[in-house]
Each structure stands twice: as C-alpha cells, then as structure tokens.
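Structural characterization, general
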Protein chains: 2
Amino acid sequence: MPKHRIIYFNARGRAEPSRLVLSAAGVEFEDIRFTSEEWETEKATGKYHFGQLPCMETDGVMLSQSRAIARYLANEYGFAGRTNLEKAKVDIVMDTCEDLLQGMIKIHFEKDDAKKAELTTQYDKKVATTLASLEKMLTDNNGGDGFLVGDGVSLADLSFYSQMEYNLSSPILSSPNLLDSYPKLKALNARVAALPNIAAWLEKRPKTEF
Amino acid sequence: MPKHRIIYFNARGRAEPSRLVLSAAGVEFEDIRFTSEEWETEKATGKYHFGQLPCMETDGVMLSQSRAIARYLANEYGFAGRTNLEKAKVDIVMDTCEDLLQGMIKIHFEKDDAKKAELTTQYDKKVATTLASLEKMLTDNNGGDGFLVGDGVSLADLSFYSQMEYNLSSPILSSPNLLDSYPKLKALNARVAALPNIAAWLEKRPKTEF
C-alpha cells in the first residue's frame, strides 16, 4: 500500500476531509503539520506543487488543491460514489461545504465592523438555505437515515462533518444548536462521528482551534 | 442520448467549461440563459438545486455547482482523465483556474481604489506563479506539445482555455500578452481553440462581455 503524506499546517482546515477519508478507509498516513515559519522555508525549496498547502505526496508524486486530493483518495478507497451521478452528488456537497467555509473566512478577515455584521447576516441566510437543501437531499436518499449519497458513507458525509465542526464550534461563528432544525442532518453528523475508524481519528488527532 | 439543459445567465462565467466539454464531445445541449429578472422568478419556484446557478438538468435530474457539473460531463464523455491520478491532475487544473477567477472577481467588486491596487498586485503575482506551475506541468507531460493531462484534450485544457479568455481580454483585467512568457501554454491555448468542435462552438456561441 502506498504511503500518503498529508502536508498542511497544524489545523483541520482544508486538509481535514482528506485525513477523514484516509481514517475512514483505515489507511495509515503521515500527518505533517508545518508551522508558518517552517512553511516559508519549505516553500522556498520549490518542491511543493503550485507552491501552496495542503499538498499530498505519495511515492514521490505531489498533488495540490484540497478537494482534488480528497477526491483522489475517495476514488482510491471507495468513498467517491459508484456512478458518475453519485460522484457528482458527492462533489456538489463538497463544493457546497467549501462555499460555507469561504463565507466564514471572509467574515473572519473583514476588519470593518459594519461590513462584518452585513456579511454575517448574508452568511446566516446562506447557511439556512444550504442546510435546508442538504436536509432534503439526505431525506430524498432512502428516507434520510443513511448517508447523503448512495448506500454508505462517502466524501460527501465527511466533508459535511468537517464543515459542521466549524459552524457548530469555531471561534469565528459558533452556533452549537445550528443543526437542531435539521434533524436528519443532526443524526447524520452523529452517525459519522460514531463510525469506529472516524471515532478513533477524532480521539487521536491533534486538538486545534481551526 | 440524454438531453442536457445548461442553465445559467447570458455569460461565459462558471457555465462555460461545461459548455466546452459538451461541445468538444459533439453533444447537442440546450443553452438556457436567464436575465437577472427571469432568474428571480425562476429561483422562487424552488426547482433549482440549492437555489443557485449554474444548474444542469438532464432527464429531470438537477445538478448544481459548476465544477461538479463540468466533471460529471467530463466523466460521461471521456474528458476527465483515465486513471485516478489523471483525474486528480485534471481537478487540480480546474480548481487552480477557479482560484484565478475568484481573485479577479474580488478585484472587480472592490470599491476602495487603494485596496483594489493592492489586490491587483497580489493577483499579478498569483497569476505568474500559477502560469509558471502550469507551464511546467504541461512540459512535464511528454514535452508539452500535447495537452495538460494524459494523451488528449481534457477538462483541464478546457478549464484553462476558459479562464484565459478572462485573463487575456476581460473588462476587469486585460493582459493580451500574458501568455507570451509561457510559450507551451500559449500554443496549448491555440491548439484548444483550433479543435474543430471547439472552433465551431466559439464561432456559434452568443458573444458576451463576461
């Protein structure tokens, strides 16, 4: 089995969905976490794909772009959906979660208080629309007591879980009761966290703010 | 063959890579372009996936998220890469192009002149780093006189072509000579535009500013 090296900062951030796929698959990986200073030195070597993180190195092949890496691993280990339509649905959920992350980052970096409040109002609406759509998607998939796409856990559920960690308890926007209005999604989140391989990873991973 | 309906505004924007895949494949599609007013009415019907555009409807199934749609079509019609590693490389190029588009949109909407100038300086650096990485990626693929990934044209090349239309001649940032320092990419762009199915689409599509 190839040895994957996931290279990122000491954060969940954009590397966590890939770490979750590898954990769900029961595949050991090297979990490399640079400090900002280490990254500046490493970056200057020019060996990182497109000069950005996260990267993944496997047997000397370097890949970049968080979602490309996560999808590659999901394709390799059976978490990407079986048909092209299932794969598209997984991708839709992953990109929808990225939209939620980007909105949150935008609020985090906004310095003007009035603008920050406006962005937050827009964001809350966006989150509500998104969660309603995802609740429907989950319910439409065999009643909603399984997973978002197909018959088993996929990168869709893992991306959703990872993003909800931010929405439920990040220092940027903490809404611990956010999922109370979306009972199927709330149960899904608990179901993902209880998968033995995922539970073991959540227990063992470094505890970080982001 | 299923009838795909690509639903977007009267713009290239985030729908064009999907239109390019369908054109490259020689697959006819319905090219629906809403005005903003029409979209407000349509959106209120609730029938659009996650309430956003672009969407694609195929035999009653609605998909959203521009890159999920483009990748679905690429998987269906043989433009997504053959192996998981090729697919990952295609995804990396597509996400890298999306990063360039997002940077451009950020500049477009920035109202403060000093901030706009600062963002533009950062963007120019980002574009230079990205194009250098892509020129290397292309060159590393059999010398660089073919395509970005594998042996034939893929969604990687089509995404790149589509993004370069913005970088070379958009009203936001026009750098018509941008590719002069990247001869392999410049030749790739010309090669894509000259593919008979792509040339026919470029000739026939509605001419739009964005």
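Residues numbered from 1 in each chain as written. Chains lettered and ligands numbered in written order. Predicted model: local features only at pLDDT ≥ 70, side-chain atom pairs only at ≥ 80, totals over all residues.

With that out of the way, let us pick up the relation of the copies chain A and chain B. These two copies of the chain differ by a rotation about an axis and a displacement along the same axis. Relative to chain B, chain A is turned by 180 degrees and slid 0.0 Å along the rotation axis, the superposed coordinates differing by an RMSD of 0.0 Å. Seen this way, the second copy is the image of the first under a two-fold rotation axis. Of all interface residues in chain A, 100% are interface residues in chain B too; the two copies therefore contact each other through one and the same surface. (Least-squares fit on C-alpha atoms with pLDDT ≥ 70 in both. Contact = placed C-beta atoms within 7 Å.)

Time to look at the packing of helix α5 (residues 113-140) of chain B against helix α7 (residues 183-194) of chain B. All names here are of chain B. Remark: α5 packs on α7, axes separated minimally by 8 Å, with the N-to-C direction vectors making an angle of 75 degrees. With respect to α7, the axis of α5 lies roughly perpendicular. Here Leu-131, Leu-134, Glu-135, Leu-138 and Thr-139 of α5 lie close against α7, whose contacting residues are Lys-184, Leu-185 and Leu-188. Taken together, the residues that form the contact of α5 with α7 break down as 5 nonpolar, 1 polar and 2 charged. (Axes fitted to C-alpha atoms, helices over the stretch in contact; angles between N-to-C directions. Helix = DSSP H or I, 4+ residues; strand = E, 2+ residues; numbered from the N terminus. Parallel < 35°, antiparallel > 145°, perpendicular 65-115°, else oblique. Nonpolar A, V, L, I, M, F, W, Y, C, P; charged D, E, K, R; others polar.)

All names here are of chain B. Within the secondary structure, Leu-173 sits in the loop between α6 (155-169) and α7. Residues Leu-173 and Gln-122, 51 residues apart in the sequence, show an inter-C-alpha distance of 13 Å. Setting aside chain neighbours within four positions, we find Leu-173 in contact with Met-104, Ile-107 and Asn-167.

Turning our eyes to something else, we now look at the interface of chain A and chain B. On the chain B side, the residues contacting the 21 residues of chain A number 21 residues. Breaking the side of chain A that touches chain B down by element, the ones donating at least two residues are β4 (61-64), α3 (66-77), α4 (84-109) and α5 (113-140) of chain A. Element by element, the count of residues in the side of chain A that touches chain B is highest for α4(A), at 7 residues. Considering only residue class, the side of chain A that touches chain B consists of 6 nonpolar, 9 polar and 6 charged.

On to unusual backbone geometry, then. All names here are of chain A. Here the residue pair Leu-53 and Pro-54 is connected by a cis peptide bond, since its omega of 0 degrees sits within 30 degrees of zero. Its location among the elements puts Pro-54 in the loop between α2 (36-44) and β3 (55-58). The residue Gln-65 is not glycine, and still its phi comes out positive at about 70 degrees. Looking at Gln-65, the number of C-beta atoms within 10 Å reads 26, which means it is buried. (Buried ≥ 20, exposed ≤ 12 C-beta atoms within 10 Å, placed from the backbone.)

To continue, consider the environment of A:His108. All names here are of chain A. The residue His-108 is located in helix α4 in this model. Given 14 C-beta atoms within 10 Å, His-108 falls into the partly exposed group. For His-108 and Thr-120, which are 12 residues apart along the polypeptide, the C-alpha to C-alpha distance reads 9.8 Å.

The next thing to look at is the pairing of strand β3 (residues 55-58) of chain B. Residue and element names in this part refer to chain B. The pairing of strand β1 (residues 4-9) with β3 spans 4 bridges and is classified as antiparallel. Bridge assignment links Ile-7 to a residue of β3, and that residue is Cys-55. Relative to strand β4 (residues 61-64), β3 is paired through 4 bridges, and the arrangement is antiparallel. Its bridge partner being in β4, Met-56 is matched across the sheet by Leu-63. (Pairing = 2+ DSSP bridges.)

Let's shift gears to the packing of helix α7 (residues 183-194) of chain A against helix α8 (residues 196-204) of chain A. Residue and element names in this part refer to chain A. Two elements in contact, α7 and α8, have axes whose closest approach is 5 Å; the angle formed by their N-to-C orientations is 80 degrees. The angle between the axes of α7 and α8 places the two elements in the roughly perpendicular class. Across from Val-192, Ala-193 and Ala-194 in α7, the residues of α8 making contact are Ile-198, Ala-199 and Leu-202. Residue composition of the contact of α7 with α8, by class: 6 nonpolar, no polar and no charged.

For the rest of this paragraph, the subject is the domain arrangement of chain A. Residues and elements named next belong to chain A. According to the domain assignment, chain A consists of domain 1 (4-78 + 199-204) and domain 2 (84-194). Summarising the inter-unit geometry, the C-alpha centres of domain 1 and domain 2 are found 22 Å apart. Between domain 1 and domain 2, the contact holds 12 residues from the first and 12 residues from the second. Counting residues per element, the side of domain 1 that touches domain 2 draws most heavily on helix α1 (residues 16-24), which supplies 5 residues. Per-class residue counts for the side of domain 1 that touches domain 2 are 8 nonpolar, no polar and 4 charged. (Domains from an automatic or database assignment.)

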